[in-house]
Amino acid sequence: MRIKSGVVAIVALCLLFLFASASVAEIPPGWEKVGDGGLVDGTPAPGGPYDSKPARNNSYAWSMGTLQCEEDLYLYIGAYRNFPHGAFLGPISPFPIDSSLFGDSIPPEETWDLGTVEIMRKNITDDGPWEIVPLTPYVGAGDLSGNQGFRKMYTYKDVLYAGTMNMKLTSQGWNGVPKILAISNCEDELVDVSPPVVSADLEENKAYSYRGMVEHNEIFYVAYEYGVFSSIDPSSGWSRLSDNGRMGYITDLVSFQGSLWAVTSDGEDGWRLFRWHPTLTPVGNPVLNGSWEDMTPSLKQAVHVGANGFVYDDHLYIATLNGGFPLYDVDLLNADISLLLDRMVKVFYPSYLYRFDGEEWETVMGNGIGIKGPGFGVPTNVYLWTNGIHDGDLYISTFDLRSMFYAIDWDNLELIETGDNVMVDALKSLVSVHIMGFCQMAGITLPPAPSLSEIVHAFLNHGSPVGFDLFRSEDGVNFEPVVQDGFGDTMQYGGRTMITTQKNCKDILWLGTSNPGNGCQVWRYEKVPVATETVGVYPEPDGMSYSVRVTPCSEENNGEVSGDIVESLVDVVPLLSETSEETDSIFFELELVNSDDICLIEICGYFDEADNDWLPETQPNLWWYSGSEWNELDVTWADLGEGQWKACTELPGESWGSIFAAALDPSIFEADVPSGEEPGGSTGGGSGCNVGSVLPGILLVVLPLMVLFSRKNIK
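Residues numbered from 1 in each chain as written. Predicted model: local features only at pLDDT ≥ 70, side-chain atom pairs only at ≥ 80, totals over all residues. Heavy atoms only, no water.

1. Let's talk about unusual backbone geometry
Phi is mostly negative for residues that are not glycine, and the peptide bonds are mostly trans.
Alright, step 1. At the junction of Glu540 and Pro541, the peptide bond is cis and its omega measures out at 0° in the coordinates.
Alright, step 2. Mapped onto the elements of the fold, Pro541 is located in the loop between strand 31 (532–538) and strand 32 (544–552).
Alright, step 3. In this chain, Leu615 is followed by Pro616 through a cis amide linkage whose omega measures 0°.
Alright, step 4. On the secondary structure map, Pro616 appears in the loop between strand 35 (598–608) and strand 36 (622–625).
Alright, step 5. A positive phi angle, close to 80°, is found at Leu39, a residue other than glycine.
Alright, step 6. Assignment of secondary structure puts Leu39 in the loop between strand 1 (31–35) and strand 2 (58–69).
Alright, step 7. Leu39 sits in the buried class, given a relative accessible area of 13%.
Alright, step 8. Even without a glycine there, the phi angle at Gln257 is positive, about 50°. (Helix = DSSP H or I, 4+ residues; strand = E, 2+ residues; numbered from the N terminus. Buried < 20%, exposed > 50% of the residue type's maximum accessible area, 1.4 Å probe, protein only.)

2. Looking at the sheet that holds strand 17 (residues 272–278)
Alright, step 1. Taken in spatial order, the four strands line up as 15-16-17-19 in an open sheet, and their pairing is antiparallel. Of all strands in the sheet, those bounded by a partner on one side alone are strand 15 (249–256) and strand 19 (290–294). Going from strand to strand, the sheet's axes swing by 30° on average, the running direction of each strand aside.
Alright, step 2. When strand 17 meets strand 19, the two strands line up antiparallel, connected through five bridges. (Pairing = 2+ DSSP bridges. Axes fitted to C-alpha atoms, helices over the stretch in contact; angles between N-to-C directions.)

3. Concerning the nonpolar core
Alright, step 1. Core analysis: the biggest nonpolar cluster contains 49 residues, and Phe399, Phe405, Trp410 and Leu413 have the highest contact counts within it.
Alright, step 2. Counting only elements with at least two residues in this core, the list comes to strand 2, strand 7 (159–169), helix 3 (325–328), strand 24 (381–390), helix 5 (410–415), helix 6 (422–441) and helix 7 (452–460).
Alright, step 3. Sorting elements by how many residues they give to this core places helix 6 first, with seven residues.
Alright, step 4. Aside from chain neighbours lying at most four places away, what touches Leu413 is Ile97, Leu101, Ile408, Val424, Leu427, Lys428 and Leu452.
Alright, step 5. If you look at the next biggest cluster of nonpolar residues, it comprises 28 residues, including Val550, Trp614, Leu651 and Ala662. (Core = buried A, V, L, I, M, F, W, Y, C linked by side-chain atoms within 4.5 Å. Contact = heavy atoms within 4.5 Å.)

4. Observations concerning the side chain of Gln492
Alright, step 1. Take Gln492: it is sitting in the loop between strand 27 (479–483) and strand 28 (494–503).
Alright, step 2. At 3.0 Å, the side chain of Gln492 and the backbone oxygen of Gly486 are in polar contact.
Alright, step 3. Setting aside anything within four residues of it in sequence, one finds Gln492 in contact with Ser403, Gly467, Phe468, Gly486, Phe487, Thr513, Ser514, Asn515, Gln521 and Trp523. (Polar contact = N/O pair within 3.5 Å; in protein donor to acceptor, adjacent residues only side chain to side chain.)

Okay, here's the thing in structure tokens:
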């Protein structure tokens, strides 16, 4: 019982992948959700034990690939189903916990369909719907013998290859042998082209999967944890590379500077990096001769158990992985408890990012502060899970450990007597010892003798928002956040897969997520023109708040255009009807940067009824002078509550070089000005995207319509 208690303590950690409800967040420009809720319901196997395959059980968009089918390009998603609830709350868990402790945060127990797999696709040329890829004869429980999902996809010679994960669990009839299926045409059935992995060579109670796939020197290489295979035509067979010199289990394959590289993981000594050196192999030899050279840098830390590898800007990058990796090579049912507890501690180490130019190594992220700190400054980012390249920029996504804690009803769990359920005991220990220790190290204030829920609440509400992060870099060294809250969903703990396609010569980045509560999502990013916003006070220092949002005509000019309100130096009196000095009015112009590249300008003013007694009865519009007459622009007034108002309008292109005005008495703009007559001073000229210099103007009297000015740009 002692050993099993340790096992459950580790399994309990995995249970924390079950979490709560989503929150609303602002979506970054250019990002669009194109798949939600696990994408699409599956088709149960005829005669199988399940009568449905609900989409919500597609926990991960675990792999992603593309296939060209005649004129149309399809995006394929390989799902990981029923994780982690099916694995750790279901019949294969040695000490299943009552799923009611998780409420409706996870799919209902009656919908769990263990040992099933799913591939989905979408026509991205025509923006078609998500649809199921028929897996006959590889459908349903048993037909894929314990396969839990498709972990890796890769397109080689116009064929899409999908690799599975399998469990070696004899008690369930699962033989552990992972498979590779080939998809060569959108209409044909999938073909099994799996390399020759023998079940008898695999250890019990462990998972095996194809993690590495890469084309190198026009040869296709694939790797499961303990073997690398090569082929120029997988339908005709594979050759296995020698294991000589390689240590640990393989987590990735990379082609870099003319060599094949393997990244490996080791729960004791951490990740390693090996370079393949082939030698002459006799004809007919089933194993390709050669050896693996250990190229692991000395800056590596043993606490970082696993890693991914990728190439960007002629550098080989290593992105570290902890989380579940310390437990991956452990037989959870039979391991020594001291080993399990030692590995459990390593779960919590945040990720580092390294890079190698072929001669020198450097730490890109991990040994600094802020965004250069471990986990991009978020200590619960324990995976740098996947990466993508879009328009020359590098994107890296994370796995945020905090998301794992949301679903559990900690108050009710704490009421369960110690000793009644080993899993519950492990969860209690995990929070009261490990998470509480983390809070103390992070300086998080806790009440005296805190309850489990108080500890978890403090943990979840410390630092950045909960949910996976996505970072972008233009040079592979300096990063900025794109998303830091799982696109507003606290259940979305991982950005799991990324791939780039092109449409109309423009890059499109696709990102698939891990969301065990609500089902995986797929997001699409295409660079779009993004407005630059300037805020200020006009007139300074005690005028009114304003904002000017300037949008470029092309995404290529993002950040290069801007606009601001400036005082006019033009004598506008000849342009107005007679009016007393008491008339409340305001006049201003725009100062534009790179006006030829601007397509849209919006200005807003912000007002308080306490300072403007004409609100809310009077809500003036904005006017602009065309050179011969004043033209009225409708202003949209929005009640923000508590006496606060926002007034906004879009400016037509022909008005950008003009004088703008507002008044409580609009009759002042009814002056009869001769056509073509200009007031004293320079009025500039131009319209639309071709505005040149902007006009100066004169301030008459202050009216609270426009906004105030500090010359601060917000991009």
